[in-house]
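# Working through the structure, step by step
Residue strings, one per chain:
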Amino acid sequence: MQTLLNQLVYFGYFQSLFLLCIYLFSPKNRKNINGYVAFLVLVLMIGLSGRVLYISDIFGKNFRLIAFSEFATLLFGSTIYLFTKSSLLNKRFSYQDLLHYLPGVFYIIFVVFIFMLPTDEVIGARIKSGELFRTITIFIGIGLLFNITYWIMSLHLFLSFRKELRNELSYTVKTQFFLNFLIAIGICLLSWVIVYFISIFGFEMIERKARETIWLSIALIILFIAYYGMISPDLFKIVPAQVQKKYAQSKLSKSDLDQLQAKLDRLMIEKKPYLNRKLLKAELADMLGVSSPEIARLLNENIGMNFFEYINYHRIKEFVELAQTDKAKNLTFFGLAQEAGFNSKTTFNKSFKKLMGTSPKEYFTSQQ
């Protein structure tokens, strides 16, 4: 088992070097790598270099080399959060972001002064008295709490963002990859919590080995994300830039909303904007000559639907009409759904069943 872990350490180390070289020397690929991820890869590379030196025995089995890997402990959670924020909300780096790293800086200083600078005699005395174990336990607990807090913030931001998309987009976007990334990090943190409590009950060796495996797993996940972010940057560009546009709050009266609804009804019949598979709420608002909050208020107060539901309602109506034409003879249900503006078979089936109470096949069978 240890041999396998050592091989993974070498793999992670050279992979991090490779990614950093690309980031530094390839301007074309650099723009595809999120800056926060590049920073985390740098920190991981420093930690992995300590482990490489330790297992290669170049400078002897000096435990201080392993302490390098602890540098990433409190920089990890905050970077995951800032990466999530920058990817979802298109937020650029600001100096205020550095505040998230202050606890990590203090933690690194602590590691240097407690584990790296003292002599072997001092460390030995702390081990015998139990002081070192108590100190490590307290600071690992702080690190876990810190990282879990930032992970929860990242997950909450993602779930809120995905929910908000239904008010802005008329189509589904691929967010599963990002969710899987957060789930993988969450599983690692949960495993870390379990082995942490195991160590408190006296099984220090189990915790030490398990923590090494968990730390390495997190490192490999980050390297995986960095690599895929470079070759497939669209995985993290979830929403078009128009969604980020801000508008003034709606000041329309009830009478204004009724007139706007009549105008919207005419627009949907005459121009059929829902046939655009990538229609945005901002685009529909521009067609009506109103702001995004105003059309959102119209949909919520007068119609009782969000933007996603409203547009797909019209697409379902279009689909039913197309299914009764000669075009239906040459196309599948999903082919007709695409003609009606849907870009996802799953979204089409869910929307149809929600509106009609049955599947498309069952609906048209009952019509015969």
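Residues numbered from 1 in each chain as written. Predicted model: local features only at pLDDT ≥ 70, side-chain atom pairs only at ≥ 80, totals over all residues. Heavy atoms only, no water.

If you check the domain split of the protein, you get domain 1 (1-236) and domain 2 (254-366). Look at where the C-alpha atoms of domain 1 and domain 2 centre, and you get two points 44 Å apart. In total, domain 1 and domain 2 occlude about 1,000 Å² of area from one another, counting both sides; carbon and sulfur atoms represent 47% of this. Taken as a group, Arg166, Ser170 and Tyr171 account for 57% of the area that domain 1 buries against domain 2, more than any other trio of residues on that side. The interface formed by domain 1 and domain 2 holds zero residue pairs in polar contact (both at pLDDT 80 or more) in total. Residues of the side of domain 1 that touches domain 2, tallied by class, amount to two nonpolar, three polar and two charged. (Domains from an automatic or database assignment. Buried area = accessible area lost by both parts, 1.4 Å probe. Polar contact = N/O pair within 3.5 Å; in protein donor to acceptor, adjacent residues only side chain to side chain. Nonpolar A, V, L, I, M, F, W, Y, C, P; charged D, E, K, R; others polar.)

Here we take up the environment of Lys254. Along the chain, Lys254 turns up in helix α11 (residues 254-270). With 39 residues separating them in the primary sequence, Lys254 and Trp215 have C-alpha atoms 58 Å apart. A distance of 3.0 Å separates a polar atom in the side chain of Lys254 from a polar atom in the side chain of Asp258. (Helix = DSSP H or I, 4+ residues; strand = E, 2+ residues; numbered from the N terminus.)

In this structure's numbering, the residues bearing the UniProt feature "domain: HTH araC/xylS-type" (unreviewed entry) are residues 265-366. Measuring from the first to the last C-alpha atom of residues 265-366 gives 29 Å, for a span that is 67% helix and 0% strand. (UniProt positions renumbered as here; feature names shortened; annotations may be inferred.)

Once that is clear, we can look at helix α9 (residues 176-200). Here α9 contains 25 residues, and its C-alpha end-to-end distance of 36 Å stays within 8% of the 36 Å for a straight helix at 1.5 Å per residue. For α9, the complete set of buried residues consists of Phe178, Leu179, Phe181, Leu182, Ile185, Gly186, Cys188, Leu189, Trp192, Val195, Tyr196 and Ser199. (Expected span 1.5 Å × (residues − 1). Buried < 20%, exposed > 50% of the residue type's maximum accessible area, 1.4 Å probe, protein only.)

Attention shifts here to the packing of helix α3 (residues 35-56) against helix α5 (residues 73-89). Interhelical geometry of α3 versus α5 gives an angle of 160 degrees and a closest axis separation of 9 Å. The pairing of α3 with α5 is recorded here as roughly antiparallel in orientation. At the point where α3 passes α5, the crossing takes the left-handed sense. Two secondary-structure elements touch here, α3 through Tyr36, Val37, Phe39, Leu40 and Val43 and α5 through Leu75, Phe76, Thr79, Ile80, Leu82, Phe83 and Ser86. Looking at the contact of α3 with α5 residue by residue, the class counts come to 10 nonpolar, two polar and no charged. (Axes fitted to C-alpha atoms, helices over the stretch in contact; angles between N-to-C directions. Parallel < 35°, antiparallel > 145°, perpendicular 65-115°, else oblique. Left-handed = near helix turned anticlockwise from the far one by under 90°. Contact = heavy atoms within 4.5 Å.)

Okay, the side chain of Asn147 next. Mapped onto the elements, Asn147 comes out in helix α8 (residues 131-165). Residue classification places Asn147 among the buried residues on the basis of a relative accessible area of 1%. Within the structure, Asn147 has its side chain in polar contact with the backbone nitrogen of Gly77 (distance 2.9 Å). When residues no more than four places from it in sequence are discounted, the contact partners of Asn147 are Thr73, Leu74, Phe76, Gly77, Leu189 and Trp192.

Turning next to the packing of aromatic side chains. All told, the structure shown has 21 aromatic pairs when counted by the stated rule. Judged by centre distance (5.9 Å) and plane angle (85 degrees), the ring pair of Phe110 and Phe115 falls under edge-to-face. The pair Phe110 / Phe115 is uniform in exposure class, with both members buried. Here Phe110 and Phe139 contribute two aromatic rings whose centre-to-centre distance is 3.6 Å and whose plane-to-plane angle is 10 degrees, an arrangement assigned as stacked. With Phe110 in helix α6 (residues 102-116) and Phe139 in helix α8, the pair connects residues that are 29 residues apart, well separated along the chain. Residue class for Phe139 comes out partly exposed when judged on its relative accessible area of 24%. Within the aromatic cluster, the residues linked to one another by ring pairs are Phe319, Phe333, Phe342, Phe348, Phe352 and Tyr363. The aromatic ring of Phe342 is capped on one face by Arg315, whose charged end is 5.9 Å from the ring centroid. (Phe/Tyr/Trp six-rings, centres within 6.5 Å; stacked < 30°, edge-to-face > 60°. Lys NZ or Arg CZ within 6 Å of the ring centre and 35° of its normal.)

All right, on to the nonpolar core then. Core analysis: the largest hydrophobic core is formed by 69 residues, its most contacted members being Val41, Phe76, Val111, Phe181, Trp192 and Ile222. Of all the secondary-structure elements, those providing two or more residues to this core are α1 (2-25), α3, α5, α6, α8, α9 and α10 (204-231). Excluding residues that lie within four positions of it along the chain, Val111 makes contacts with Ala67, Glu70, Phe71 and Met116. Residues Leu260, Leu284, Val290 and Leu298 belong to the second largest nonpolar core, which totals 18 residues. (Core = buried A, V, L, I, M, F, W, Y, C linked by side-chain atoms within 4.5 Å.)

This part takes up α1. If you check α1, its first and last C-alpha atoms are 34 Å apart, about what 24 residues at 1.5 Å a residue would give, namely 34 Å. Three or more residues of α1 are buried, namely Leu5, Asn6, Val9, Gly12, Tyr13, Gln15, Ser16, Leu19, Leu20 and Ile22.

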